[in-house]
Amino acid sequence: MKNAISKRKQAGFSIIELLVVLAIMAVIVTFAVIALGSSTRVIERQGVAKEFKVALERARFDSVKRRPTTCSEMSRVEITSATSFRYITDTNQDGTLQPASEVRVVNFGDLSQVGIVADPAPTFPIVIRFDLRGNTSSGACGSETVAATPTHFCELPCATRDSSNSSSVYVSPTGTVALLNGGESIGTFAPPAVSNVATGAYINDSLAVWTGTPPTPTPFGTPTGTPSGTPTGTPTGTPTETPDPSATPTPTPTPLTACTFNQRPGNPATCDCRAPWSVQNNGKCQ
């Protein structure tokens, strides 16, 4: 009996069981670290793409607000390298663009392998500017071209862009900005159909349209004749001044004497109750 109790107290896990548990835990931790790292890269990549989209929208809004008439005055976004871009807007809101001081640089080179890619490899800098109507252009001033979009942000190495490793920012010729998943195609829009309508179609036949010079209006009727007659009559009578009435003096009230205790004020009053007495219900000063 004592030997059985002793064996139960010494029972535990074997080395093989511990190794199996540790191996399972190691596998779970490894998958968790991989998933966490992948999730972090996705968040960083999407964050950079969204910031680039916001920069484009700010530049477009600034140009539409200021209505610049020259290329150098247009707000713009410049991609300076595979890991940085900058945007130039009128930050002090004085109505003029000062590229030396009104520029914000976004450098994401310290992030986990996120870069701007294109096929063929892009030539930097890439400029996307907006005119007074929000339309886009690229290239140097004087030789503007269509804006080079979309811009692809991919997790390096980026052999093939897809929704799991890249995001794209597209800006249309009219300045509309869209954030797309990597590998997602840009919709194509056919020009609207234009119908030819005859110039005289759908016009009321009873409507007369004057196409020449309007005639000069002539006033109807002209007054003729010369007014005659001289007013007669002489005013009579001499105005008489009326003196202002004299002011009637206001009588000065005669002060009343003070009533004593238990006296009644007369009618007309000959005395007045004075403090600390006052007229009571019996008509006496008390």
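For the structure given in this document, a descriptive report is provided here. (Residues numbered from 1 in each chain as written. Predicted model: local features only at pLDDT ≥ 70, side-chain atom pairs only at ≥ 80, totals over all residues. Heavy atoms only, no water.)

Quick look at the packing of aromatic side chains
Okay, so step 1: Evaluated as defined, the whole model comprises 4 aromatic pairs.
Okay, so step 2: On the basis of an interplanar angle of 85° and a centroid distance of 5.0 Å, the ring pair of Phe52 and Phe85 is categorised as edge-to-face. Residue Phe52 is found in helix 2 (residues 15-66), and its partner Phe85 is found in strand 2 (residues 84-88); the two are separated by 33 residues along the sequence. Each member of the pair, Phe52 as well as Phe85, is classed as buried.
Okay, so step 3: Consider the rings of Phe85 and Phe108, whose centres lie 6.4 Å apart with planes at 50°: the pair is tilted. Within this pair, whereas Phe85 is found in strand 2, its partner Phe108 is found in the loop between strand 3 (103-107) and strand 4 (114-117), the two being separated by 23 residues in sequence.
Okay, so step 4: Take Phe108: its relative accessible area is 2%, and that puts it in the buried class.
Okay, so step 5: Feature note: the residues Phe52, Phe85, Phe108 and Phe153 constitute an aromatic cluster, connected by ring pairs. (Phe/Tyr/Trp six-rings, centres within 6.5 Å; stacked < 30°, edge-to-face > 60°. Helix = DSSP H or I, 4+ residues; strand = E, 2+ residues; numbered from the N terminus. Buried < 20%, exposed > 50% of the residue type's maximum accessible area, 1.4 Å probe, protein only.)

Comments concerning the state of the cysteines
Okay, so step 1: Tallied over the full model, the rule gives 2 disulfides.
Okay, so step 2: Residue pairing for Cys71: its cysteine sulfur links by disulfide to Cys141, the two sulfurs lying 2.0 Å apart. What sets the handedness of the Cys71 and Cys141 disulfide is the S-S torsion sign, and at about -75° it is left-handed. Of this pair, Cys71 sits in the loop between helix 2 and strand 1 (76-81) while Cys141 is found in the loop between strand 6 (136-137) and strand 7 (151-155), placing the two residues 70 residues apart along the sequence.
Okay, so step 3: For Cys141, a relative accessible area of 44% corresponds to the partly exposed category.
Okay, so step 4: Shown here is the disulfide that connects Cys154 with Cys158, its sulfur atoms set 1.9 Å apart. Its torsion about the S-S bond being 85°, the disulfide of Cys154 and Cys158 is classed as right-handed.
Okay, so step 5: Taking relative accessible area as the criterion, Cys154 reaches 0% and is therefore assigned buried. (Disulfide = S-S within 2.5 Å.)

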